[in-house]
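Here are the chains, one letter per residue:
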Amino acid sequence: MSAAPQIRQVQINIPHEQTTMQIQALAIADVKIITPRKFGDERGYFSETYNKQALAEAGIEETFVQDNQSLSATRGTVRGLHFQIPPVAQAKLVRVLRGSILDVAVDLRRDQPTYGTYVSAVISARDGNQILVPVGFAHGFCTLEPDTEVFYKVSAPYSPAHDRGLSWIDKDIAIDWPVDPADAVLSAKDLALPCLADLPDCFTLRR
Ligand SMILES: Cc1cn([C@H]2C[C@H](O)[C@@H](COP(=O)(O)OP(=O)(O)O[C@H]3O[C@H](C)C(=O)[C@H](O)[C@H]3O)O2)c(=O)[nH]c1=O
C-alpha cells in the first residue's frame, strides 16, 4: 500500500449558520461561490441545496439537465481539467457531499482578458458551499481528504464526442495545486491531456 500523498494545508473555512443564500464572485467574476441557507437545530441542519428560482433571482440562469457524482478514495486525487465544446458546452454547479476539494476553473474564452488564467476555491461538505463554473471554463479538482464525494449539476448532457481536456500541470497556467505531481492520483486519460497552447479555440463567439 503506497503511503498517502502529502497534501499541503489549504485554508478550509469554518462553517457558520447562514440566514440567506450567499453568492460571492471570485477574481474571475463569472465564477461564483454559492452558499445556500442552513437551518440548524438540535437534530442537525436542513438546506435547500438547489433552488432554480432563487438562483434566477440572483441572476444565475443556467438550466441543469444532468446530475453527476464521483467518489475519490485517496486524498490528492486530481480529476480534470475537463470541458465539453459547443453545442454541448457545460456549466457546472459543484458541491461536496463528503470531504473537501480544491476546485479549479481555467478561463478558455480567448476574447476575455482573463483567458488562460484560473481561480480556485475550497469546497467542502462542512461549509456546504458550491462553485458555479460557467460555460467557457475547464474544470477540475484535487481532493483534500480521503473518500471525498463530489456531486455536480451540468447544463448539457454528456457527449464523449465533445469531451475535451487540459493538462492539470500546464506551465503557462501554473495552477497552485495542494499536491505534488509525484504524489497525485490521476486517470491515464487526464495524465495525457494537452496544454492550452496546443488546444484549438473552442469558445470565442464567431463574429
Ligand atoms: C463525465 C461523465 C463520464 N461518464 C463516464 C465516462 C467514463 O467511462 C466514466 C468516468 O469518466 P471520467 O474519467 O471523465 O470522470 P472524471 O474524471 O470524474 O471527470 C469528471 O470530472 C471533472 C472534474 C469534470 O469537471 C467533468 O465533468 C467530468 O469529466 O464515466 C459518463 O457516463 N457521463 C458523464 O457525464
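Provided above is the structure to which this section pertains.
All values derive from a computational prediction rather than experimental measurement.

Novice: How should I be thinking about the side chain of Q84 in this particular structure?
Specialist: Along the polypeptide, Q84 turns up in strand β6 (residues 78–84). By relative accessible area, Q84 is classed as buried at 3%. Within polar-contact distance, the side chain of Q84 engages the backbone oxygen of P157 at 3.1 Å. In this structure the side chain of Q84 is engaged in a polar contact, spanning 2.8 Å, whose partner is the backbone nitrogen of S159. With near-sequence residues (within four places) excluded, Q84 lies in contact with A89, Q90, P157, Y158, S159, H162, D163 and F203.

Novice: Which parts of the structure should I look at to understand the packing of aromatic side chains?
Specialist: Two measures describe an aromatic ring pair: the distance that separates the ring centres and the angle between the ring planes. Applying the stated rule across the entire model yields 3 aromatic pairs. For the ring pair F39 and F46, a centre distance of 6.5 Å and an interplane angle of 45° mean the geometry is tilted. By relative accessible area, which is 51% here, F46 ends up exposed. Here the aromatic rings of Y50 and F64 are separated by 5.9 Å at their centres, their planes lie at 80°, and the arrangement is edge-to-face. Of this pair, Y50 sits in the loop between β4 (44–47) and α1 (52–57) while F64 sits in the loop between α1 and β5 (66–72), and the two are 14 residues apart along the sequence. In this structure F64 comes out as buried when scored by relative accessible area, which is 14%. A cation sits over an aromatic face here: K38 above Y45, 4.6 Å from the ring centre. A cation over a ring is seen here: R95 above F151, with NZ or CZ 4.7 Å from the ring centre.

Novice: Even after reading the chapter, I still don't get the site of the ligand, so can you show me in this structure?
Specialist: Taken together, Q66, N68, R79, H82, K92, H139, F141, Y152, Y158 and K189 make up all the residues around the ligand. Between the ligand and the protein, one listed contact pairs an oxygen atom with a side-chain N or O atom of Q66 at 3.0 Å. Here H82 contributes a side-chain N or O atom positioned 2.7 Å from an oxygen atom of the ligand. Notes on the ligand: free accessible area 650 Å², of which the protein chains cover 65%. Elements that contribute at least two residues to the shell around the ligand include exactly β5, β6 and β11 (137–143). Of the residues contributing to the shell around the ligand, the split by class is 3 nonpolar, 4 polar and 3 charged.

Novice: Mind showing me how you'd approach the nonpolar core here?
Specialist: If you look at soluble globular proteins, the nonpolar side chains tend to sit buried side by side. Counting 26 residues, the largest nonpolar core has V78, F83, V106, L108 and L166 as its most contacted members. Elements supplying a minimum of two residues to this core: β6, β8 (100–107) and β11. I28, I123, I131 and F137 belong to the second-largest nonpolar core, a separate cluster that totals 18 residues.

Basis of the calculations
- Residues numbered from 1 in each chain as written.
- Predicted model: local features only at pLDDT ≥ 70, side-chain atom pairs only at ≥ 80, totals over all residues.
- Heavy atoms only, no water.
- Helix = DSSP H or I, 4+ residues; strand = E, 2+ residues; numbered from the N terminus.
- Buried < 20%, exposed > 50% of the residue type's maximum accessible area, 1.4 Å probe, protein only.
- Polar contact = N/O pair within 3.5 Å; in protein donor to acceptor, adjacent residues only side chain to side chain.
- Contact = heavy atoms within 4.5 Å.
- Phe/Tyr/Trp six-rings, centres within 6.5 Å; stacked < 30°, edge-to-face > 60°.
- Lys NZ or Arg CZ within 6 Å of the ring centre and 35° of its normal.
- Near = heavy atom within 4 Å.
- Areas by Shrake-Rupley, 256 points an atom, 1.4 Å probe, with all protein chains shown as cover.
- Nonpolar A, V, L, I, M, F, W, Y, C, P; charged D, E, K, R; others polar.
- Core = buried A, V, L, I, M, F, W, Y, C linked by side-chain atoms within 4.5 Å.

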